[in-house]
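Residue-level structural notes
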Amino acid sequence: MLPNPLPLVVVRAATPEDAPACGQICYDAFSTISGGHGFPCDLPVPEAGIGLLSMMFSNPGFYCVVAEVEDRIVGSNCLDERSKIFGVGPITIDPSVQNRSIGRTLMQAVMDRAIGQGAAGIRLVQAAFHNRSLSLYADLGFDVRAPLSCMQGRTLQRSVPGCTVQPAQLADIKVCDIVSRQVHGFSRTVELAEAIQQGTASVVEREGRITGYATVLAFFGHATAEANLDLEALIASVDSFGGPGILVPSQNSGLFRWCLANGLRLVQPLTLMSVGLYNEPAGAWLPSIHF
Ligand SMILES: CC(C)(COP(=O)(O)OP(=O)(O)OC[C@H]1O[C@@H](n2cnc3c(N)ncnc32)[C@H](O)[C@@H]1OP(=O)(O)O)[C@@H](O)C(=O)NCCC(=O)NCCS
């Protein structure tokens, strides 16, 4: 048990060796908050948290920090720096020391870093039922941008007439980037290139040209397309979605209703938030759990 008030909180860069301690905290923090509200935990087992943070702590595209009190790790946070817009998360604090300003300190650390690196904006996705994170992020300057519905399942319709989905190739990046710029106003080519190398990315073609792409149909993937039809084809092309599910913007009524009519189940509501540059998307999109 750490004393109250807390001794000095030290923030430092995370290393891959911190992943076991931070991954366990990540699992404990999410299972406690989700369980307390009757929602399934985003991570099935502690090892999933450890694997996730091992990957982020060793990817040069991420800036990750840990908080220590008296040499004990009490939390961590990550910043995805792979585009002009930076994405925050997962941030998790040891449940035994939550609500004692460590989260605020770790949020401020990555926000300062984003400003120092010249990010055009910072975004994150939070669990809508979590009063504390919503209040903290709003207080730090994040605006609520979009309600999201995490959805899971297998669509009844297994393909969309007129659309073909196939694995994305490195040569597709250029045209996918045009779609990304048209819809969001910025590039996400580093994420797409990594996903292509990992073999998870797909593109959709309609009328003989690429009209959208997905890095992966999963909690950690994003998809961008010209129209709902294209996203529906991408969604219908897989048997299930990685992690808890895909994030469907709830205000996209056409897509949301198509998902419901196709048997997908709503797992939990979330909220996209941003500070800095934000353009209302001009097309169809599924954000990742970062943005
Ligand atoms: C969310 C989380 C990272 C925040 O870290 P923390 O150290 O617990 O939070 P902090 O004490 O730094 O900040 C919480 C702030 O919210 C405020 N707050 C908490 N509940 C609130 C409520 N119901 N209404 C208004 N404000 C509230 C607190 O007063 C505090 O504000 P202050 O700094 O002005 O005092 C942490 O609680 C956690 O790990 N939760 C579980 C995992 C999770 O949900 N992670 C976020 C994923 S999006």
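Residues numbered from 1 in each chain as written. Predicted model: local features only at pLDDT ≥ 70, side-chain atom pairs only at ≥ 80, totals over all residues. Heavy atoms only, no water.

**Looking at the overall build of the protein chain**
From N to C terminus, the protein chain includes eight helices and 14 strands. Its C-alpha atoms give the protein chain a radius of gyration of 19 Å, near enough to 19 Å, the size a compact globule of 291 residues would have. Judged by the C-alpha coordinates and their principal axes, the protein chain covers about 65 × 40 × 30 Å. Looking at the protein chain residue by residue over its 291 residues, the buried ones come to 53%. Pairs at least 24 apart in sequence give 72% of the contacts found in the protein chain among residues at least 6 apart. About 12,200 Å² of surface is accessible on the protein chain, with carbon and sulfur atoms providing 54% of the total. One way to put it: in the protein chain the 19 positive side-chain charges average out to a point 5 Å from where the 25 negative ones average out. (Helix = DSSP H or I, 4+ residues; strand = E, 2+ residues; numbered from the N terminus. Rg over C-alpha atoms; globule rule 2.2 N^0.38 Å. Buried < 20%, exposed > 50% of the residue type's maximum accessible area, 1.4 Å probe, protein only. Contact = heavy atoms within 4.5 Å. Areas by Shrake-Rupley, 256 points an atom, 1.4 Å probe, with all protein chains shown as cover. Lys, Arg positive; Asp, Glu negative; His and termini not counted. Charge placed at Lys NZ, Arg CZ, Asp CG, Glu CD.)

**Some thoughts on the site of the ligand**
Ile93, Asn99, Ser101, Gly103 and Arg104 are the nearest of the 22 residues found near the ligand. Between the ligand and Asn99, the relevant distance is 2.6 Å, taken from an oxygen atom to a main-chain nitrogen or oxygen of the residue. Taking Ser101, its main chain carries an N or O atom lying 2.8 Å from an oxygen atom of the ligand. Coverage of the ligand by the protein amounts to 74% of the 950 Å² it exposes when considered alone. Of all elements in the fold, only helix H1 (19-36), strand S5 (92-93), helix H3 (102-116), strand S6 (121-127) and helix H4 (131-139) reach the threshold of two or more residues within the shell around the ligand. (Near = heavy atom within 4 Å. Polar contact = N/O pair within 3.5 Å; in protein donor to acceptor, adjacent residues only side chain to side chain.)

**Comments concerning the packing of helix H7 (residues 228-236) against helix H8 (residues 253-261)**
The contact between H7 and H8 brings their axes to 10 Å, and the two run at 30 degrees. Judged by the angle between their axes, H7 and H8 are roughly parallel. For the crossing formed where H7 meets H8, the hand is right-handed. Between H7 and H8, the contacting residues are Asn228, Leu231, Glu232, Ile235 and Ala236 on the first element and Gly254, Leu255, Trp258 and Cys259 on the second. Its residues placed into classes, the contact of H7 with H8 shows six nonpolar, two polar and one charged. (Axes fitted to C-alpha atoms, helices over the stretch in contact; angles between N-to-C directions. Parallel < 35°, antiparallel > 145°, perpendicular 65-115°, else oblique. Left-handed = near helix turned anticlockwise from the far one by under 90°. Nonpolar A, V, L, I, M, F, W, Y, C, P; charged D, E, K, R; others polar.)

**Notes on the sheet that holds strand S8 (residues 163-167)**
An order of S8-S9-S10-S11-S14 is seen for the five strands of this open sheet, with the pairing classed as antiparallel. Both edges of this open sheet fall to S8 and strand S14 (284-286), since each of them pairs with a single strand only. Within the sheet, the average angular offset between the axes of one strand and its neighbour, ignoring direction, is 20 degrees. Two strands pair when backbone bridges link them, and S8 and strand S9 (residues 202-206) are joined in this way by five bridges, in the antiparallel orientation. Note that in S9 the partner of Gln166 across the bridge is Val203. Relative to the sheet, H7 contacts S8, S9, strand S10 (209-214), strand S11 (223-225) and S14, its axis offset from that of S9 by approximately 135 degrees. (Pairing = 2+ DSSP bridges.)

Nothing here speaks to function; it is geometry throughout.
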